[in-house]
Amino acid sequence: MKKDFNNIPNDPDTRILVHVEAKLGDYDVCVQGWVFEGVRAESMIFHAEDVKNLSDEELIAEVKESPLVDPEKGITISRKNPDFAFVNFNFEMID
């Protein structure tokens, strides 16, 4: 059953450029492109329940398998939200 990604929290100063729901392997994922304070990046957002048994390193390794990710541009992870895990990548400073 496909999971709902309609309640993803975001900072009010973040401008979402793209929001696409997809699959990464067996995981439902939402891919967002965004801009925040002069930084453009992308996130793969997972339901926290789906990835609770993966360490941060394992989850990042899964995301790195995607052709969307440029590992040279840095990858961060956040599990602060109880419902979602965020893996952020392709950081780029913009004017």
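The structure presented is a predicted model; accordingly, all values stated were derived computationally and were not measured.

**Student:** Could you give me a rundown of the layout of surface pockets, with the residues and numbers involved?
**Tutor:** Counted as a void, the largest pocket has a volume near 330 Å³. Considering the residues around the largest pocket, the lining is formed by 19 residues, among which T14, W34, S43, F86 and N88 are closest to the centre. When grouped by side-chain class, the residues that make up the lining of the largest pocket number nine nonpolar, eight polar and two charged.

**Student:** Kindly report on the side chain of Q32, identifying the contributing residues and their values.
**Tutor:** Among the structural elements, Q32 can be located in strand β2 (residues 27-36). When its relative accessible area of 9% is taken as the criterion, Q32 is described as buried. Discounting chain neighbours no more than four positions away, the residues touching Q32 are I8, I16, V18, H19, A41, E42, S43 and I45.

**Student:** Would you mind going over the packing of aromatic side chains in detail, with residue names and values included?
**Tutor:** What the rule picks out here adds up to three aromatic pairs. Consider the rings of Y27 and F46, whose centres lie 6.1 Å apart with planes at 85 degrees: the pair is edge-to-face. Placement of the pair is Y27 in strand β2 and F46 in strand β3 (residues 39-47), with a sequence separation of 19 residues. Given a relative accessible area of 19%, Y27 falls into the buried group. Overall, F46 belongs to the buried group, its relative accessible area being 0%.

**Student:** So what's going on with the pattern of salt bridges? Residues and values would help.
**Tutor:** Throughout the structure, instances matching the rule amount to six salt bridges. K23 serves as the salt-bridge partner of D28, at 3.3 Å between the closest nitrogen and oxygen. When salt bridges that share partners are traced, they join R40, E42, K73 and E92 into one network.

**Student:** Account for the environment of C30, with residues named and values stated.
**Tutor:** Mapped onto the fold, C30 is located in strand β2. Each C-alpha atom, one on C30 and one on M44, is 5.6 Å from the other, the two residues being 14 residues apart in sequence. Excluding anything up to four places from it in sequence, C30 contacts F5, I8, H19, V20, E21, S43, M44 and I45.

Analysis parameters
- Residues numbered from 1 in each chain as written.
- Predicted model: local features only at pLDDT ≥ 70, side-chain atom pairs only at ≥ 80, totals over all residues.
- Heavy atoms only, no water.
- 1 Å grid on protein atoms, 1.4 Å probe; cavity = no way out; pocket = protein on both sides within 12 Å on 5 of 7 lines; lining within 4 Å.
- Points joined across faces, edges and corners; volume = space filled by probe spheres on them.
- Nonpolar A, V, L, I, M, F, W, Y, C, P; charged D, E, K, R; others polar.
- Helix = DSSP H or I, 4+ residues; strand = E, 2+ residues; numbered from the N terminus.
- Buried < 20%, exposed > 50% of the residue type's maximum accessible area, 1.4 Å probe, protein only.
- Contact = heavy atoms within 4.5 Å.
- Phe/Tyr/Trp six-rings, centres within 6.5 Å; stacked < 30°, edge-to-face > 60°.
- Salt bridge = Lys/Arg side-chain N within 4 Å of Asp/Glu carboxyl O.

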